[in-house]
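# Overview (structure and organization)
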Amino acid sequence: MTAQSVPDPAPRDVPRGGLRASHDDREAVVEQLRDAAAEGRIDLDELDERLERALTAKTYAELDALTADLPRPPAPADLPPLELKGGLHGASRGPGRWDVPAHVIARGGLGGVKLDFSRAECRLPEVTVEAYGEAAGVTIVVPDGWAADTGALDPGIGGLKDTTTPDRLPGTPLIRVTGSGGMAGVVVRHPNRWERRKLTNDRARG
């Protein structure tokens, strides 16, 4: 008589508030609290108390309670397109924390552009990046677990170098890259060794 396998228990529908918060979730609340203090919405004593609670919070419910009386940040759909122009001296966004709009335009110019999503706050399922390599190129850094679709980009003379992996974690955005490589090309990659080390050190200090 063969033993019958025991079926897995039915999945539980856990409310958002009961889900475990990540380091990035806690850091996003810390940034919101610091902004609120800078705007005069909470005083320094209250800021210190809320920061301590934010850094030790374990669930979304604990974090939500700390910002319930503060204005909500603009919804991603309300953010205007972000345009970066390399110009003569170059331009970059990241690797610090920044809010990602649905549309980003990067023009390499003569100085180049680097667009780093490593610590970006992205609440969208998909982001379109119009990249124009022009004379100095555009580099796009995509976190591990995020995916990029570069099929619509015209490589131009400078070409396209895409070293990202297709493995996409649930809940992460798709970075859809369009535009043209121009003279210098477009590079799409995950963080390199130095960038990974810096991210680890920053998180340890945070």
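The structure under discussion appears in the preceding block.
Here is a short report on the structure shown in this document. (Residues numbered from 1 in each chain as written. Predicted model: local features only at pLDDT ≥ 70, side-chain atom pairs only at ≥ 80, totals over all residues. Heavy atoms only, no water.)

### Observations concerning the sheet that holds strand β1 (residues 82-85)
Taken together, five strands build an open sheet; the order of strands is β1-β3-β5-β9-β7 and the sheet is parallel. The two strands at the open ends of the sheet, each matched to only one other strand, are β1 and β7 (147-154). Within the sheet, the average angular offset between the axes of one strand and its neighbour, ignoring direction, is 15 degrees. As paired elements, β1 and strand β3 (residues 103-107) share four bridges and run parallel to each other. (Pairing = 2+ DSSP bridges. Helix = DSSP H or I, 4+ residues; strand = E, 2+ residues; numbered from the N terminus. Axes fitted to C-alpha atoms, helices over the stretch in contact; angles between N-to-C directions.)

### Quick look at the environment of Ala184
Within the secondary structure, Ala184 is located in the loop between β9 (174-180) and β10 (186-189). In this structure the C-alpha to C-alpha distance between Ala184 and Ala135, which are 49 residues apart in sequence, comes to 5.3 Å. Contacts of Ala184, omitting those with residues within four sequence positions, involve Gly133, Glu134, Ala135, Ala136, Gly137 and Gly158. (Contact = heavy atoms within 4.5 Å.)

### Some details on the packing of helix α1 (residues 23-38) against helix α3 (residues 60-67)
Close contact between α1 and α3 brings their axes to 10 Å; oriented N to C, the two are set at 5 degrees. Here α1 is positioned roughly parallel relative to α3, judged by the angle of their axes. Residue-level inspection shows Asp25, Arg26, Val29, Gln32 and Leu33 of α1 in contact with α3, the latter providing Tyr60, Leu63, Leu66 and Thr67. Here the contact of α1 with α3 is composed, by residue class, of five nonpolar, two polar and two charged. (Parallel < 35°, antiparallel > 145°, perpendicular 65-115°, else oblique. Nonpolar A, V, L, I, M, F, W, Y, C, P; charged D, E, K, R; others polar.)

### Describing the packing of α1 against helix α2 (residues 44-56)
At their nearest, the axes of α1 and α2 sit 9 Å apart, and the two run at 170 degrees to each other. For the element pair α1 / α2, the angle class is roughly antiparallel. Between α1, through Arg26, Val29, Val30, Leu33, Arg34 and Ala37, and α2, the contact on the second element is made entirely by Leu47, Arg50, Leu51, Ala54 and Leu55. Looking at the contact of α1 with α2 residue by residue, the class counts come to eight nonpolar, no polar and three charged.

### Some details on the pairing of strand β6 (residues 138-141)
Where strand β4 (residues 113-116) meets β6, four bridges bridge the pair, whose relative direction is parallel. When the bridges of β6 are listed, Lys114 appears paired with Thr139.

### What about the side chain of Glu27?
With respect to the helices and strands, the residue Glu27 is situated in helix α1. Dropping the residues within four chain positions of it, Glu27 is found in contact with Arg97 and Arg119.

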